[in-house]
Amino acid sequence: MTGLAAACPALVTLDVSGNRLECLAGAPPTVDTLRAAGNPLTRLINLPPALVTLDVTGCGLGDAGELEAALAAAPRLRALYASGNPAASALGRLRLLAACPGLSYLDDGPVTGGDRAAAAALARGG
């Protein structure tokens, strides 16, 4: 995606699903919807600051700590599709929610009040 930010500085929706991308770096900072399902991603770093929706379904992300850090660095994220990634499976729903407390939708369903309470308790060590 090198050069994409310069070529499309006002881009808000980007769908790069089903390609051979190993990293999502280079997306314009204005992108709020990023669909990248089915890519052989090895890294999830430098996500656009405007990001609201992220789909990395089935990308094979394996580093749970890196996924957790990437989500924590995306404060506007409201919808995340991360199933089919070993890192997401290792973290589990509650740790994903604790890393990104603003989520209202995760994978296959909405985030409930009970989910939020359990994730907050987990984050506090309870």
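In what follows, the structure referred to is the one given above.
Rules of the game
- Residues numbered from 1 in each chain as written.
- Predicted model: local features only at pLDDT ≥ 70, side-chain atom pairs only at ≥ 80, totals over all residues.
- Heavy atoms only, no water.
- Phe/Tyr/Trp six-rings, centres within 6.5 Å; stacked < 30°, edge-to-face > 60°.
- Helix = DSSP H or I, 4+ residues; strand = E, 2+ residues; numbered from the N terminus.
- Buried < 20%, exposed > 50% of the residue type's maximum accessible area, 1.4 Å probe, protein only.
- Salt bridge = Lys/Arg side-chain N within 4 Å of Asp/Glu carboxyl O.

Visitor: Break down the packing of aromatic side chains for me, with residues and values.
Guide: Going through the model one piece at a time under the given rule, you end up with one aromatic pair. A ring pair is formed by Tyr 81 and Tyr 105, whose centres lie 5.7 Å apart and whose planes are at 45°; its orientation type is tilted. A residue pair is termed long-range when its members are at least 10 positions apart, and Tyr 81 in strand β4 (residues 79-81) and Tyr 105 in strand β5 (residues 105-106) qualify at 24 residues. Judged by relative accessible area, which is 24%, Tyr 81 ranks as partly exposed. The exposure class of Tyr 105 is partly exposed, given its relative accessible area of 30%.

Visitor: Residues and numbers for the pattern of salt bridges, please.
Guide: In total, this model carries three salt bridges according to the counting rule given. Glu 66 is paired through a salt bridge with Arg 43; the nearest N and O atoms lie 2.9 Å apart. With a gap of 23 residues between them, Glu 66 in helix α2 (residues 64-72) and Arg 43 in the loop between β2 (33-35) and β3 (53-55) connect regions that are remote in the sequence. Judged by its relative accessible area of 17%, Glu 66 falls in the buried class. For Arg 43, a relative accessible area of 38% gives the class partly exposed. Note that Arg 93 is salt-bridged to Asp 115, the shortest N-O span being 3.2 Å. In this pair, Arg 93 sits in helix α3 (residues 86-99) while Asp 115 sits in helix α4 (residues 113-123), placing the two residues 22 residues apart along the sequence.

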